Amino acid sequence: MAPVWLPKAFLVVLLLSGGSHAISDDAWCYNQPRCEPNTWVTLGQCGGNRQSPIDIISGKATHNQSLGAVNLTGYGDHKKLLNIKNTGKTVDIELASGLLLSGHGLSAPYTAKAFHFHWGDGASKPGSEHYINGKRYSMELHIVHTKNNKNISDAAKDPEGIAVLAFFVEGSKNAKGKTAGAWEAFIKNLEKVSVKGKEEELDTTISLLDLLGSTDLARYYRYLGSLTTPGCNEVVIWTIFADPILVPPKWLRPFHLTSMPQILPEDHS
Ligand SMILES: *[C@@H]1O[C@H](CO)[C@@H](O)[C@H](O)[C@H]1NC(C)=O
Ligand SMILES: *[C@@H]1O[C@H](CO)[C@@H](O)[C@H](O)[C@H]1NC(C)=O
Ligand SMILES: *[C@@H]1O[C@H](CO)[C@@H](O)[C@H](O)[C@H]1NC(C)=O
Ligand SMILES: [Zn+2]
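Below is a short write-up of the structure. Here the structure is a predicted model, which means the values were calculated and not measured. (Residues numbered from 1 in each chain as written. Chains lettered and ligands numbered in written order. Predicted model: local features only at pLDDT ≥ 70, side-chain atom pairs only at ≥ 80, totals over all residues. Heavy atoms only, no water.)

**Details of the coordination of the zinc ion (ligand 4)**
Part 1 of the reasoning: All of the protein donors around the zinc ion (ligand 4) are H116 (NE2), H118 (NE2) and H142 (ND1); their distances to the metal are 2.0 to 2.1 Å.
Part 2 of the reasoning: Mapped onto the sequence, the donors of the zinc ion (ligand 4) take the spacing H-x1-H-x23-H. Linking H116 in strand β8 (residues 110–119) with H142 in strand β11 (residues 139–147), this pair joins segments that are 26 residues apart in sequence. As far as burial versus exposure is concerned, H116 and H142 are alike and both buried. (Donors = N, O, S within 2.8 Å, 3.2 Å for Na, K, Ca; no water. Helix = DSSP H or I, 4+ residues; strand = E, 2+ residues; numbered from the N terminus. Buried < 20%, exposed > 50% of the residue type's maximum accessible area, 1.4 Å probe, protein only.)

See below:
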């Protein structure tokens, strides 16, 4: 089995009250001085000590023999990607029911609800949230799951209520074949949601597995952290896959069509 790591610093499960505060959509943003990430500390649990994202230092992570590949059920189904929405902060893709995540370290089945992206400026300015050994990737894809199919507000009250699978995305001229084709088909939907609030049906027949390509599902970093946007609820089991998904560089650009500058400051801790 390929190695799996667990950063030592995060072995302790902090049982904080998952109190979810209602935080208005304009209380936070990425790029304006009034509401950029350094101002989030007063919102919800954003000032807490189990906060995500982090810079994962591989030398400080511990190999855990008992963790194996994550078990994904239904991810190959071509009918599960429903609507795509421009939220003003990201593009969010709603998923049909029946996509399940299970595996060691997960105390119950987790149901996939939606996925979204974090990006910078194409290949020239990377925009992943997590770093590996100080390296930031072009984009990061987050698939959000809730324990036992709870709704998000209930899941946000449980210290292990949400499981996020995070995949880095990098532009590569070597990317071709089925994965590149799936990304092309997916990216074409972005132009339909170029305005904040716009929501459209996805016009594709791709599956989540098509987008994930040949990512090794047994090579990941696991830690307990938080949502990365306010209220930053400390309720997330993070699984960060070590191998990036490689896509043709030109498919990183169209995220600009969503007219959402999303560049996080370098100092995100
Ligand atoms: C994966 O999960 C499915 C359903 O959640 C289950 O039926 C199956 O036995 C699991 N496979 C492994 C290898 O654990
Ligand atoms: C390995 O992972 C399992 C499942 O999450 C956990 O219970 C155990 O404490 C971990 N062991 C180490 C040494 O980190
Ligand atoms: C979430 O689920 C709980 C329990 O099923 C329910 O009481 C609550 O109204 C739901 N919240 C939302 C926002 O749907
Ligand atoms: Zn995210």
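Next, the rest of the story.
**Observations regarding the pattern of salt bridges**
Part 1 of the reasoning: If you walk through the whole model with that rule in mind, you get 10 salt bridges.
Part 2 of the reasoning: Ionic pairing is found between D154 and K157, a salt bridge with its closest N-O pair at 3.6 Å.
Part 3 of the reasoning: Its relative accessible area of 39% is what places D154 among the partly exposed residues.
Part 4 of the reasoning: Notably, a salt bridge pairs E200 with K198, separated by 3.0 Å at the nearest N-O pair.
Part 5 of the reasoning: Residue class for E200 comes out partly exposed when judged on its relative accessible area of 28%.
Part 6 of the reasoning: A relative accessible area of 35% places K198 in the partly exposed class.
Part 7 of the reasoning: By sharing partners, the salt bridges in this structure join D25, K89 and K196 into a single network. (Salt bridge = Lys/Arg side-chain N within 4 Å of Asp/Glu carboxyl O.)

**Considerations on the packing of aromatic side chains**
Part 1 of the reasoning: What the rule picks out here adds up to 12 aromatic pairs.
Part 2 of the reasoning: Here the aromatic rings of F115 and F186 are separated by 5.9 Å at their centres, their planes lie at 40 degrees, and the arrangement is tilted. Highlighted residues: F115 in strand β8 and F186 in helix α2 (residues 177–187), separated in sequence by 71 residues.
Part 3 of the reasoning: By relative accessible area, F115 is classed as buried at 0%.
Part 4 of the reasoning: Under the relative-accessibility criterion, F186 is labelled buried at 0%.
Part 5 of the reasoning: Relative to W238, the ring of Y223 lies with its centre 6.5 Å away and its plane at 10 degrees, an arrangement referred to as stacked. With Y223 in strand β14 (residues 220–225) and W238 in strand β15 (residues 236–241), this pair connects stretches of sequence that are 15 residues apart. Residue Y223 shares its accessibility class with W238, and that shared class is buried.
Part 6 of the reasoning: Positioned over the ring face of W28 is K89, at 4.0 Å from the centre of the ring. (Phe/Tyr/Trp six-rings, centres within 6.5 Å; stacked < 30°, edge-to-face > 60°. Lys NZ or Arg CZ within 6 Å of the ring centre and 35° of its normal.)

**Some points on the state of the cysteines**
Part 1 of the reasoning: Counted under the stated rule, the structure contains 2 disulfides.
Part 2 of the reasoning: A disulfide bridge connects C29 with C35, and the sulfur atoms are separated by 2.1 Å. Between C29 and C35, the disulfide has an S-S torsion of 100 degrees and is therefore right-handed.
Part 3 of the reasoning: Given a relative accessible area of 8%, C29 falls into the buried group.
Part 4 of the reasoning: In this model, C46 is linked to C232 through a disulfide, with the two sulfur atoms separated by 2.0 Å. For the disulfide bridge between C46 and C232, the dihedral angle about the S-S bond is near 75 degrees, and by the sign convention the bridge is right-handed. Placement of the pair is C46 in the loop between β1 (5–7) and β2 (55–56) and C232 in the loop between β14 and β15, with a sequence separation of 186 residues. (Disulfide = S-S within 2.5 Å.)

As far as function goes, none of this settles anything; it's purely spatial.
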